[in-house]
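Each chain, written out:
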Amino acid sequence: RKEVEQDPGPFNVPEGATVAFNCTYSNSASQSFFWYRQDCRKEPKLLMSVYSSGNEDGRFTAQLNRASQYISLLIRDSKLSDSATYLCVVNFGSGGYQKVTFGTGTKLQVIP
Amino acid sequence: DTAVSQTPKYLVTQMGNDKSIKCEQNLGHDTMYWYKQDSKKFLKIMFSYNNKELIINETVPNRFSPKSPDKAHLNLHINSLELGDSAVYFCASSQEGRRNGYTFGSGTRLTVV
């Protein structure tokens, strides 16, 4: 099983739709989780951290399910500008040592 | 002010050459990283430095040597470049204990011909 796994997509959705991505991870001791967004030929940028209780930022909702070892990202009312690749990030370790693993990304295309 | 800056942005060079990529962060973070993103867009960590000490050294050819003169800088030197080294190299930084994730530089697109 890969350390971090995502459906590569692409997810083609109409404007205004709700879309959800999942990301599974294999290390049950993983400690922190993030969703990043990467536009074509650009660097990844932090979209949101994922907290144990779930968290929301505007149209974006992130959830963590430790029992099943996955995190999710829900985007409501999709905009054309949401088109990008969404990367799941899982962090294991603390102090000076942190093992950071990126998923391969899920591509989202929002169509008019 | 750019938080994580890396230079050059583009680098085209011939096989066998030696090249360096520089990275600087002005965020006061204590950990810096080098990532490689290949043509399949897979982002893989290469090295991690915490307060100038090498913490993570993934399976990377020893032609790649990171150097951290201080905790705000992490440079990457590559010897004897090969065609397979062509990729985008991202520098990133983070601060232990904060949940702000990782801040990336804009990347260096390396093409070996």
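Quick note: structure is the one above.
The paragraphs below set out a description of the structure included in this document. (Residues numbered from 1 in each chain as written. Chains lettered and ligands numbered in written order. Predicted model: local features only at pLDDT ≥ 70, side-chain atom pairs only at ≥ 80, totals over all residues. Heavy atoms only, no water.)

## Side note on the interface of chain B and chain A
Operational definition: Whether two residues are in contact is decided by their heavy atoms: any pair within 4.5 Å suffices. Any Lys or Arg side-chain nitrogen located within 4 Å of an Asp or Glu carboxyl oxygen qualifies as a salt bridge. Counting of polar contacts relies on pairs of N or O atoms within 3.5 Å, with two restrictions inside protein: one atom must be capable of donating a hydrogen and the other of accepting it, and residues adjacent in sequence are counted only when both atoms are side-chain atoms. Helical segments are the DSSP runs of H or I of at least four residues, strand segments are the runs of E of at least two, and each set is numbered from the N terminus.
Each partner contributes residues to the interface: chain B has 21 residues there, and chain A has 25 residues. Linking chain B to chain A there are zero salt bridges. Taken together, the links from chain B to chain A amount to three residue pairs in polar contact (both at pLDDT 80 or more). Within the residue set of the side of chain B that touches chain A, elements represented by two or more residues are strand E4 (31–37), strand E5 (43–50) and strand E6 (53–57) of chain B.

## Description of unusual backbone geometry
Peptide bonds are, in most cases, trans, and in most cases residues other than glycine have a negative phi. Going from Gly9(A) to Pro10(A), the amide bond is cis rather than trans, its omega being 10°. Mapped onto the elements of the fold, Pro10(A) is located in the loop between strand E1 (4–6) and strand E2 (11–14). Between Thr7(B) and the following residue, Pro8(B), the backbone shows a cis peptide bond with an omega angle of 0°. By the secondary structure assignment, Pro8(B) is in the loop between strand E1 (4–7) and strand E2 (10–13). Positive phi, normally seen in glycine, also occurs at Asp77(A), with a value near 50°.

## Thoughts on the side chain of Thr13(B)
Here Thr13(B) lies in strand E2. A polar contact of 2.9 Å, which involves the side chain of Thr13(B), links it to the side chain of Asn17(B).

## Thoughts on the state of the cysteines
Heads up, the rule is: A pair of sulfur atoms, both from cysteines and within 2.5 Å, is called a disulfide here. When accessible area is computed with a 1.4 Å probe and restricted to protein chains, residues below 20% of their type maximum are described as buried, those above 50% as exposed, and intermediate ones as partly exposed.
Under the counting rule described, the total for this entry stands at two disulfides over all chains. The residue that forms a disulfide with Cys23(A) is Cys88(A), at a sulfur-sulfur distance of 1.9 Å. Between Cys23(A) and Cys88(A), the S-S torsion sits near -55°, and that sign places the bridge as left-handed. Of this pair, Cys23(A) sits in strand E3 (residues 19–25) while Cys88(A) is found in strand E9 (residues 84–94), placing the two residues 65 residues apart along the sequence. On the basis of relative accessibility, which here comes to 0%, the residue Cys23(A) falls in the buried class. The buried category is assigned to Cys88(A), whose relative accessible area is 0%. Cys23(B) shares a disulfide with Cys91(B); S-S distance 1.8 Å. Of note, the bridge from Cys23(B) to Cys91(B) carries an S-S torsion of about -75° and is left-handed in sense.

These results come straight from atomic positions and should not be treated as a statement about function.
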